[in-house]
Amino acid sequence: MTEAAQKSLVQVEHLKVRFVSRDMDVSVVNDVSFNLERGEALCLLGESGSGKTVTLRSLIRLFPRTARIGGRIHIDGIDVLNLPERRLRQVRGSLVSMIFQEPMTALDPVFTVGEQIAETIVYHEDVSQADAMKRALELMELVQVPSAKRRLNAYPHELSGGLRQRAMIALALACRPKLLLADEPTTALDATVQIQILLLLRELQRELQMATIFVTHDLGVACEVADRIAVMYAGRFVETGTAVDVMTSPSHPYTEGLLHSTVHAGRRGQRLDPIPGSPPDLTDLPAGCAFSPRCTYVQDICLAAPPEFRTRRQDHWVRCVRQPELANSEAPSLANGP
């Protein structure tokens, strides 16, 4: 690990996640490495099944017993993969917090929103129930819940989807985490509420100087919230870089395919060009590049072995050999890469 990486809030090295059962052994994350600085927003972008959520949950070891995790994860100097379970529960919600994809299933239906936020505060901090409820009200106001005092005493089913999502954000921010994980936090919301939630999250992230990792398959969301983007395919990062570089100058065929198959103002009047084929079966990946069966630029070299990360320019890395400047560049180790 480089000296710069050691100073980062999050350091992930050669992360591998497998799910093992009597019938199969499936690798869903394959050798993922990245660093995240304090106050930085990273977006994991890709189709369903690419390994985004599994990567996110790995940071707090939120897995069933069938999971097997390898590699290294350090958050604020803490070795997450070797933490005892009791210490891990203290880290969850305080140092690292998570906004889940569907708040209706993440929130407890038999307790009010205020009770759930206060419970988190009391568990992690030495405060009274009254002080915790007071903080819960402040958090509901911070996330711009109208009539916050009344909504504090509401049960999750009494709130709309947008208000439940705001309550989930308030719960995630209850103990002022240094790292916020957001797993497609706006998927179930309509377009108007979605943009409100995204702008709110971005504003809170900057105001509170939290590092944030967003998971999404929506390019519009990625553009709105990310400083850096990591594109995932078949459990690997295939392209990483600043949001501007990845969106305006994509280098991997998969990233190009995502952009060409997305509706936006610049493509008005043009036909969409979808990515051919389907995402790969993780139990039967091809020997070479996992994207090769769907790639229009495939070459013989792509079928030999999975390509290494190569740098296109500073802070822009691509797992592809089709471009001459990539094929001739040195392939450094992932630990020193993105």
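Residues numbered from 1 in each chain as written. Predicted model: local features only at pLDDT ≥ 70, side-chain atom pairs only at ≥ 80, totals over all residues. Heavy atoms only, no water.

K.L.:
So, the layout of surface pockets: which residues are in play, and what are the values?
P.N.:
In this structure, the largest pocket occupies an estimated 630 Å³ of space. Around the largest pocket sit 20 residues that line it, and R92, G93, F100, T120 and L171 are the ones nearest its centre. Looking at the lining of the largest pocket, the elements that each hand over two or more residues are β6 (96-99), α5 (113-124) and α8 (161-172). The element that contributes the greatest number of residues to the lining of the largest pocket is α5, accounting for five residues. For the lining of the largest pocket, the class distribution of residues is 11 nonpolar, five polar and four charged. (1 Å grid on protein atoms, 1.4 Å probe; cavity = no way out; pocket = protein on both sides within 12 Å on 5 of 7 lines; lining within 4 Å. Points joined across faces, edges and corners; volume = space filled by probe spheres on them. Helix = DSSP H or I, 4+ residues; strand = E, 2+ residues; numbered from the N terminus. Nonpolar A, V, L, I, M, F, W, Y, C, P; charged D, E, K, R; others polar.)

K.L.:
If you had to explain the packing of aromatic side chains to someone new, which residues and values would you point to?
P.N.:
The relation between two aromatic rings is expressed through the spacing of the ring centres and the mutual angle of the planes. Tallied over the entire structure, the rule returns five aromatic pairs. Both rings, one in F34 and one in F237, keep their centres 5.9 Å apart while their planes meet at 35°; by these two values the pair is tilted. Residue F34 is found in strand β2 (residues 25-36), and its partner F237 is found in strand β10 (residues 236-242); the two are separated by 203 residues along the sequence. Taken as a pair, F34 and F237 share a single burial class, namely buried. (Phe/Tyr/Trp six-rings, centres within 6.5 Å; stacked < 30°, edge-to-face > 60°. Buried < 20%, exposed > 50% of the residue type's maximum accessible area, 1.4 Å probe, protein only.)

K.L.:
Describe the confidence of the model for the protein chain, with residues and values.
P.N.:
The pLDDT averaged across the protein chain works out to 87; a share of 91% of its residues lies at or above 70. Confidence scores differ between elements of the protein chain, with helix α13 (residues 324-327) showing the lowest mean pLDDT of 47 and strand β5 (residues 78-79) the highest of 96. Low pLDDT, under 50, characterises residues 326-337; the predicted model gives this stretch 24 contacts beyond four residues in sequence or across chains. (pLDDT = per-residue confidence, 0-100. Contact = heavy atoms within 4.5 Å.)

K.L.:
Lay out the sheet that holds strand β7 (residues 179-183) with the relevant residues and their values.
P.N.:
Read from one edge to the other, the open sheet built from eight strands follows the order β6-β7-β8-β3-β9-β10-β12-β11, with strand pairing classed as mixed. Each end of this open sheet is capped by a strand with a single partner; those strands are β6 and β11 (310-313). When the angles between neighbouring strand axes are averaged without regard to direction, this sheet yields 20°. On the sheet, α8 packs against β6 and β7 and is oriented at approximately 175° with respect to β6. (Pairing = 2+ DSSP bridges. Axes fitted to C-alpha atoms, helices over the stretch in contact; angles between N-to-C directions.)

K.L.:
Pulling in residues and values, what's your account of the side chain of R164?
P.N.:
As for its position among the elements, R164 is in helix α8. Buried within the structure, R164 lacks any salt-bridge partner; E102 is the closest side chain of opposite charge, at an N-O distance of 4.8 Å. When neighbours within four sequence positions are excluded, R164 is seen to be in contact with P103, M104, L107, P156, H157 and L159. (Lys, Arg positive; Asp, Glu negative; His and termini not counted. Salt bridge = Lys/Arg side-chain N within 4 Å of Asp/Glu carboxyl O.)

K.L.:
Lay out the pairing of β2 in plain terms, naming residues and giving numbers.
P.N.:
Most of β2 is tucked away, with nine of its 12 residues classed as buried. Bridge analysis of strand β1 (residues 10-20) against β2 gives nine bridges, and the strand direction is antiparallel. Counted as the bridge partner of V20 is D25 from β2. Connecting β1 to the antiparallel partner β2 that follows it, the hairpin turn spans four residues.

K.L.:
Explain the nonpolar core residue by residue, including any values.
P.N.:
Counting 101 residues, the largest nonpolar core has I75, I117, M140, L179, L181, I213 and I229 as the members making the most contacts within it. Per-element accounting of this core gives the leading share, seven residues, to α8. Residues within four places of I117 in sequence aside, it is in contact with A136, L139, M140, A167, A170, L171 and A174. (Core = buried A, V, L, I, M, F, W, Y, C linked by side-chain atoms within 4.5 Å.)

K.L.:
Would you mind going over the pattern of salt bridges in detail, with residue names and values included?
P.N.:
Using the criterion set out here, one finds 11 salt bridges in the structure. The salt bridge partner of E13 is R72, with a shortest N-O separation of 3.8 Å. Residue E13 is found in strand β1, and its partner R72 is found in strand β4 (residues 67-75); the two are separated by 59 residues along the sequence. Residue classification places E13 among the buried residues on the basis of a relative accessible area of 10%. For R72, a relative accessible area of 39% gives the class partly exposed. The partner of D76 in a salt bridge is R38, and the shortest N-O contact between them spans 2.7 Å. Note that D76 is positioned in the loop between β4 and β5 and R38 in the loop between β2 and β3 (41-45), a separation of 38 residues in sequence. A residue is classified by how much of its surface remains accessible, and D76, at 27% relative accessible area, is partly exposed.

K.L.:
Just give me the short version of the state of the cysteines, but keep the residues and values in it.
P.N.:
What the rule picks out here adds up to zero disulfides. Considering cysteine sulfurs only, C223 is the nearest to C43, which forms no disulfide, with 8.9 Å between them. Free cysteine: C289, not disulfide-bonded; nearest cysteine sulfur from C302 at 6.1 Å. (Disulfide = S-S within 2.5 Å.)

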